[in-house]
Amino acid sequence: QVQWKGSGGGSVQAGGSLRLTCAASVSAGYTYGYFCMGWFRQAPGLEREEVARLDIDGMTRYADFVKGRFTISRDNAQNTLYLQMNSLKPNDTAMYYCAARFCGLDSFQFWGQGTQVTVSS
């Protein structure tokens, strides 16, 4: 399994930047690189939506509403996942979650507790 500890959320004004970080603890018998990673978010009253994912080959995929503004990356040596968020907009306000899945599967099994991002106009 993967257990997450997230940080980096906060309150910023529109146009500002934040970098979210998740540090992972991986079960014995597995390595961090065995898992593929993603970031999700959920705004109050709305469904959870995928923000970005990072595949095992390093390929990335972004939701249209963040493409060009957000960057997902990872540091396997430190078991850490990042989301760099630039040009933030008020509708980026949400609870952001890091997540992991076995790379052979499409669904994400392991979720962090979330970190709040609030963007004011």
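Residues numbered from 1 in each chain as written. Predicted model: local features only at pLDDT ≥ 70, side-chain atom pairs only at ≥ 80, totals over all residues. Heavy atoms only, no water.

**Q** Can you help me understand the overall build of the protein in this one?
**A** Along the backbone of the protein there are zero helices and 11 strands. Starting at the N terminus and walking to the C terminus, you meet the elements of the protein as β-β-β-β-β-β-β-β-β-β-β. Over its C-alpha atoms the protein spans a radius of gyration of 14 Å, differing by no more than 12% from the 14 Å that the globule rule assigns to 121 residues. Counting only C-alpha atoms and orienting by the principal axes, one finds that the protein spans roughly 45 × 25 × 25 Å. Within the span of the protein, comprising 121 residues, buried residues form 39% of the whole. The contacts in the protein between residues at least 6 apart in sequence include a share of 55% that link residues at least 24 apart. Total accessible area on the protein stands at roughly 6,500 Å², and carbon and sulfur atoms take up 47% of it. (Helix = DSSP H or I, 4+ residues; strand = E, 2+ residues; numbered from the N terminus. Rg over C-alpha atoms; globule rule 2.2 N^0.38 Å. Buried < 20%, exposed > 50% of the residue type's maximum accessible area, 1.4 Å probe, protein only. Contact = heavy atoms within 4.5 Å. Areas by Shrake-Rupley, 256 points an atom, 1.4 Å probe, with all protein chains shown as cover.)

**Q** Explain the pattern of salt bridges here, please?
**A** Close approach of charged atoms lets side chains of opposite charge pair. Evaluation of the coordinates by the stated rule reveals seven salt bridges. Ionic pairing is found between Arg 41 and Glu 49, a salt bridge with its closest N-O pair at 2.8 Å. What makes Arg 41 buried here is its relative accessible area of 5%. Overall, the relative accessible area of 30% leaves Glu 49 in the partly exposed class. Across the salt bridge formed by Arg 53 and Glu 50, the nearest N and O atoms sit 2.8 Å from each other. Taking the relative accessible area as the measure of exposure, Arg 53 reaches 6% and is therefore buried. Classification of Glu 50 as partly exposed rests on a relative accessible area of 26%. Each of Arg 41, Glu 49, Arg 69 and Asp 92 takes part in one network of salt bridges that share partners. (Salt bridge = Lys/Arg side-chain N within 4 Å of Asp/Glu carboxyl O.)

**Q** How should I be thinking about unusual backbone geometry in this particular structure?
**A** Positive phi, close to 50 degrees, is recorded for Asn 79, a residue that is not glycine. Even without being glycine, Ser 87 reaches a positive phi, approximately 50 degrees. Structurally, the position occupied by Ser 87 is in the loop between strand S8 (80-85) and strand S9 (94-102). By relative accessible area, which is 41% here, Ser 87 ends up partly exposed.

**Q** What should I look at first to understand the sheet that holds strand S7 (residues 70-75) in this one?
**A** Strands belonging to one sheet form pairs held by backbone hydrogen bonds; the direction of such a pair is parallel or antiparallel. Spatial ordering of the open sheet is given by S1-S3-S8-S7, a layout of four strands whose pairing is antiparallel. Of all the strands in the sheet, the pair left with one neighbour each is strand S1 (2-7) and S7. Taken over all neighbouring pairs, the strand axes of this sheet differ in orientation by 20 degrees on average, direction set aside. Pairing geometry for S7 and S8, over six bridges, is antiparallel. Counted as the bridge partner of Ser 73 is Tyr 82 from S8. (Pairing = 2+ DSSP bridges. Axes fitted to C-alpha atoms, helices over the stretch in contact; angles between N-to-C directions.)

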